[in-house]
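Given next are the chains, with one letter for each unit.
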Amino acid sequence: MSHPNYLTTGTLLLAAIVGLSGCTNASLEAGSTAAKPAQGGAIAAAPLNQAAADLLPADIRSKGTLLVGTDPTFPPYEFYAEDNKTVTGWDADFAKALGETLGLEARMVPATFDTILPGVGSHKYDVGISGFNVTAERKKNSDFATYMSSGSGLAVKQGNPKNLALDAMKLCGTSVGGEKGTSQGIETLPAFSKQCTDAGQAPIDIQLFPSQHEANLSLTSGRVDGVLSGDIGMAYASKLSGGSFELAPGAGYDPTSVGIAMPKDSPLTKAVVTAVKALVAGSTYTSINAKYGIPDSVTVSPAQVDAGASQ
């Protein structure tokens, strides 16, 4: 997953809420504080973009729905609502708006993060929307319609007792958690650990978990010294943690485009890219960002939307 600094007006609202949303059930287990993330108000329906709708493949247009694979364990992007069934969050609102722009009903389908891209490739889902960083490796098998920029953030115990930072040499010999299938777990942490061993230092003890919820719990329980994930998500979680953990100082590490995943060379790609361009140019995108306190520094312009897609 999957951002630069996050101290905006929206963030200050988050800071007033006590407790941490974990993820899988949008709340942490007893003993780690449990509170729902701020969900804000409803977003007005996005207007239909006929040019985008006309580009839809016939099978998608005829069924009238867009199946969206997502991992509801990473607020503010996606998490469960009060009923512990409905997927809500930034990505859920954006997926709904995407469907409206295309004249379709978007249906969020919960999955573990590391199974979404394979599911998109096998057509189990039409698209994947779950904070996916657009990396060279992922682009080998998927098209992307980019809608945001994201860096990595390191969460540490409150007060940062081990003086950790997003610097490989500051993490040598420590244990750092992450979620399976994320770019942080697959690429960043192994690269950091190699820098440690190349310098004659102890490697990083990398511990990957099935969900962001479990990774965060590993930090609050002391199983790991830090957790590496998308910086906006970790900033959001830290603000809601009731003082359990915080972000290590410094800007987001290696900001990368975030996008909607589709099968490689999919006939759906042009329709989705056209729809996302229309969305980010309009008021719906601005409203969704404001609802979740997303800073302008990570948003994109219409010209940047197709940066990760095959055209």
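Conventions and cut-offs
- Residues numbered from 1 in each chain as written.
- Predicted model: local features only at pLDDT ≥ 70, side-chain atom pairs only at ≥ 80, totals over all residues.
- Heavy atoms only, no water.
- Helix = DSSP H or I, 4+ residues; strand = E, 2+ residues; numbered from the N terminus.
- Areas by Shrake-Rupley, 256 points an atom, 1.4 Å probe, with all protein chains shown as cover.
- Buried < 20%, exposed > 50% of the residue type's maximum accessible area, 1.4 Å probe, protein only.
- Pairing = 2+ DSSP bridges.
- Core = buried A, V, L, I, M, F, W, Y, C linked by side-chain atoms within 4.5 Å.
- Contact = heavy atoms within 4.5 Å.
- Polar contact = N/O pair within 3.5 Å; in protein donor to acceptor, adjacent residues only side chain to side chain.
- Phe/Tyr/Trp six-rings, centres within 6.5 Å; stacked < 30°, edge-to-face > 60°.
- Disulfide = S-S within 2.5 Å.

Asker: Tell me about the overall build of the chain, and name the residues and values.
Answerer: Counting its regular elements, the chain contains 12 helices and 11 strands. Total accessible area on the chain is roughly 12000 Å²; 53% of this is exposed by carbon and sulfur atoms.

Asker: Account for the environment of histidine 123, naming residues and giving values.
Answerer: Its location among the elements puts histidine 123 in the loop between helix 5 (113-121) and strand 5 (127-133). The exposure class of histidine 123 is exposed, given its relative accessible area of 61%. In the structure, histidine 123 is positioned 56 residues away from leucine 67 in sequence and 9.4 Å away in space, judged by C-alpha atoms.

Asker: Quick rundown of the pairing of strand 9 (residues 226-230)? Include the residues and the values.
Answerer: Within strand 9, 5 of the 5 residues are buried, leaving the element largely enclosed by the surrounding structure. Pairing geometry for strand 6 (residues 142-157) and strand 9, over 5 bridges, is antiparallel. Of the residues in strand 9, the one forming a bridge with serine 152 is glycine 230.

Asker: Lay out unusual backbone geometry with the relevant residues and their values.
Answerer: One can expect most non-glycine residues to show negative phi and most peptide bonds to be in trans. Going from proline 75 to proline 76, the amide bond is cis rather than trans, its omega being 5°. Positionally, proline 76 belongs in the loop between strand 1 (65-70) and strand 2 (79-80). Despite not being glycine, asparagine 160 shows a phi value in the positive range, around 50°. Here asparagine 160 shows up in the loop between strand 6 and helix 7 (168-171). The backbone of aspartate 265 shows a phi angle near 55°, a positive value even though the residue is not glycine. Relative to the helices and strands, aspartate 265 resides in the loop between strand 11 (253-263) and helix 11 (269-281). The class of aspartate 265 is exposed, set by a relative accessible area of 58%.

Asker: Residue-level account of the nonpolar core, with values.
Answerer: Ranked by internal contacts, the top residues of the largest apolar core, which has 52 residues, are Trp90, Phe94, Leu98, Tyr147, Ile260 and Val276. Not counting residues up to four positions away in its chain, the partners in contact with valine 276 are Phe94, Leu98, Ala145, Thr146, Tyr147, Ile260 and Val305. The next biggest cluster of nonpolar side chains, apart from the first, holds 14 residues, and it includes Leu171, Cys172, Phe192 and Cys196.

Asker: Which residues make up the side chain of glutamine 212, and what values do they have?
Answerer: Position of glutamine 212 relative to the elements: it lies in helix 9 (residues 212-220). Of the polar contacts made by the side chain of glutamine 212, one reaches the side chain of serine 229; its length is 3.1 Å.

Asker: Can you lay out the packing of aromatic side chains for me, pointing to particular residues and giving the numbers?
Answerer: Per the stated rule, a full pass over the model turns up 8 aromatic pairs. Relative to tyrosine 285, the ring of phenylalanine 94 lies with its centre 6.2 Å away and its plane at 65°, an arrangement referred to as edge-to-face. In this pair, phenylalanine 94 sits in helix 4 (residues 90-102) while tyrosine 285 sits in helix 12 (residues 283-292), placing the two residues 191 residues apart along the sequence. Each residue in the set Trp90, Phe94, Tyr147 and Tyr285 is aromatic and connected to the rest through ring pairs, giving one cluster.

Asker: Give me the environment of lysine 139: which residues, what numbers.
Answerer: Its location among the elements puts lysine 139 in helix 6 (residues 136-139). Measuring from C-alpha to C-alpha, the distance between lysine 139 and methionine 262 comes to 9.9 Å, with 123 residues separating the pair along the chain.

Asker: Could you give an account of the state of the cysteines, naming the residues involved and the relevant values?
Answerer: This model, assessed by the stated rule, comprises 1 disulfide. Cysteine 172 shares a disulfide with cysteine 196; S-S distance 2.1 Å. Measuring handedness by torsion sign, the sulfur bridge of cysteine 172 and cysteine 196 sits at about -90° and is left-handed. Of the two residues, cysteine 172 sits in the loop between helix 7 and strand 7 (175-179) while cysteine 196 sits in helix 8 (residues 183-198), which places them 24 residues apart along the sequence. Neither cysteine 172 nor cysteine 196 differs from the other in exposure class; each is buried.

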